[in-house]
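Next come the chains, spelled out residue by residue.
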Amino acid sequence: MTAGEVPNERVGRAKCKLVYCSNKKKRTNTPSLPEEIIFYILVWLPADILDNSMRYVCRQWYKIIRDPLFVKEHLLRSTTGLLIQEHYSCAAQFGKFGEMNTTVTKVNFNFPNELLATCDGLVLFMDGYDDKEVYAANPLTKQRVAAPPFCFPSFRFGLTLACAYSTMECKLVCTYRSKKSKVYHCAMVTMGKDYAWKPLDCQKLSDPCRQIFRGHTFSAGGFIYWAHDSFPCVVALDVESEVFYEFPTPAVETEDSSIYYVRKGKSLSCVVVNHYKRTWDVWVLSDPRSHGWRKLHEIDLDAQKPGIRRMCILWPIAWVSNGDVLVSGIGCKSRYIAMNVKTGKSFTFNSMEHDCGGMHEFAYSLVSFPV
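Residues numbered from 1 in each chain as written. Predicted model: local features only at pLDDT ≥ 70, side-chain atom pairs only at ≥ 80, totals over all residues. Heavy atoms only, no water.

Draft legend 1. Examining the pattern of salt bridges more closely. According to the stated counting rule, one finds 14 salt bridges in the structure shown. Among the salt bridges present, the one from arginine 289 reaches aspartate 238, with a minimum N-O distance of 4.0 Å. In this pair, arginine 289 is assigned in the loop between β18 (279–285) and β19 (294–300) and aspartate 238 in strand β14 (residues 233–238), connecting sequence segments 51 residues apart. One salt bridge in this structure joins aspartate 281 and lysine 295, with 3.5 Å as the shortest N-O distance. Of the two residues, aspartate 281 sits in strand β18 while lysine 295 sits in strand β19, which places them 14 residues apart along the sequence. Given the relative accessible area of 13%, aspartate 281 is considered buried. Residue lysine 295 is classed as partly exposed on the basis of its relative accessible area of 39%. The network of salt bridges with common partners includes Glu169, Lys171 and Lys193. (Salt bridge = Lys/Arg side-chain N within 4 Å of Asp/Glu carboxyl O. Helix = DSSP H or I, 4+ residues; strand = E, 2+ residues; numbered from the N terminus. Buried < 20%, exposed > 50% of the residue type's maximum accessible area, 1.4 Å probe, protein only.)

See the structure below:
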């Protein structure tokens, strides 16, 4: 072989090309099921499985899970429990309620301060070092946004989250009072979208109703409610239309009874505790635009299984299991009772935290903020 001559076998190899066998099946992105079927299969899965696993399967599943319509439908099927926060460390646990027991899991989210409110899987809290900085977050997805600085010269009284379901946007509402007067006002901001607070027109409310802005605040079904046992009226705000409504309470507190307002799913409930009869009348307001309270339950404490001792002092805290179970505090510290209004069964349990700082109705969700 002379210099520069190439062996025949090497020449042959250089001219070879790889050719795919035509008998093998080609990969395709065509889904094996219609998208509607996939939608209604995924919507029944827990939120943590959807967020941690299912959204990574393929682009189609990712788009379905991120769709606001899917998020809304999934939220309707979520089972509510209790978000229980420890007082000093601010760590939280989630309690899910069974027929006669609770299952507790740790919430994997660093809360820098005590929770102010919860709504549809979102939480509201202030910064651990500066109470002027307010944040809303989804503990499951870890998404977190800050509220714009509050620029009104006033005393701030309350902060509450609410969801506008047509757009699945998160609204933050603040009540405050002017420093120069005793008039109460209201402002709102869309979290993750607005850069400034928007004052709301509440001039049409009567003076007694505007005084209730310093009372307890509740969020349910796209409305924010202000109610207190010492006021004969309730005020509601539709966060989408920004319209206020005022209407009377279903009962008035007396020497023989006490009134408690508790969020019940997408509605506001009023629990009238009759001390001597040992019965609790549960009234529900589903739509404040109709001003119609409806008596939904009458809980007989003596008829609970097992029975509740007469010496026990109880007060309602939160509805869980989608409004079927009412969790109430008992006179002793860190002791609670869960009463199922459908079955009449009840059981007691200790607080999941040694020093409980607060309990909030909560359900994991996929609700997000604009990026």
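Let's pick the thread back up.
Draft legend 2. Expanded view of the sheet that holds β18. One open sheet holds the four strands; their spatial order is β16-β17-β18-β19, and the pairing between them is antiparallel. Edge positions in the open sheet fall to β16 (257–264) and β19, since each of these has one partner strand only. With direction set aside, neighbouring strand axes in the sheet form an average angle of 20°. Alignment of β18 against β19, held across six bridges, turns out to be antiparallel. By the bridge assignment for β19, tryptophan 280 is matched with isoleucine 299. (Pairing = 2+ DSSP bridges. Axes fitted to C-alpha atoms, helices over the stretch in contact; angles between N-to-C directions.)

Draft legend 3. Just the packing of aromatic side chains, in detail. Taken as a whole, this structure holds 20 aromatic pairs when the rule is applied. Aromatic pair phenylalanine 39 and tyrosine 40: ring centres 5.0 Å apart, planes at 65°, arrangement edge-to-face. When its relative accessible area of 46% is taken as the criterion, tyrosine 40 is described as partly exposed. Three or more aromatic residues joined by ring pairs make a cluster, and in this case those are Phe97, Tyr336, Phe347 and Phe349. For the cation-ring pair, arginine 77 lies above tryptophan 44, with the distance from its terminal atom to the ring centre recorded as 4.8 Å. (Phe/Tyr/Trp six-rings, centres within 6.5 Å; stacked < 30°, edge-to-face > 60°. Lys NZ or Arg CZ within 6 Å of the ring centre and 35° of its normal.)

Draft legend 4. Up close: unusual backbone geometry. Positive phi values are uncommon outside glycine, yet lysine 142 reaches one of about 70°. Structurally, lysine 142 can be placed in the loop between β6 (134–137) and β7 (144–146). Positive phi values are uncommon outside glycine, yet serine 321 reaches one of about 55°. Counting through the fold element by element, serine 321 comes out in the loop between β20 (314–320) and β21 (325–330).

Draft legend 5. Structural detail: helix α5 (residues 68–77). Listed as buried for α5 are Phe70, Val71, His74 and Leu75. What you see down the axis of α5 is that its buried residues fit within an arc of 135°, all on one side. Where α5 is buried, its residues contact α2 (35–42), α3 (47–52) and α4 (59–66). (Arc of directions from axis to C-beta. Contact = heavy atoms within 4.5 Å.)

Draft legend 6. How the structure looks around the packing of α2 against α4. One way to put it is that α2 packs onto α4 with a least axis distance of 10 Å and a crossing angle of 60°. Comparing the axis directions of α2 and α4 gives the class oblique. The handedness of the crossing between α2 and α4 comes out as right-handed. Between α2, through Glu35, Ile38, Phe39 and Leu42, and α4, the contact on the second element is made entirely by Gln60, Trp61, Ile64 and Ile65. (Parallel < 35°, antiparallel > 145°, perpendicular 65-115°, else oblique. Left-handed = near helix turned anticlockwise from the far one by under 90°.)

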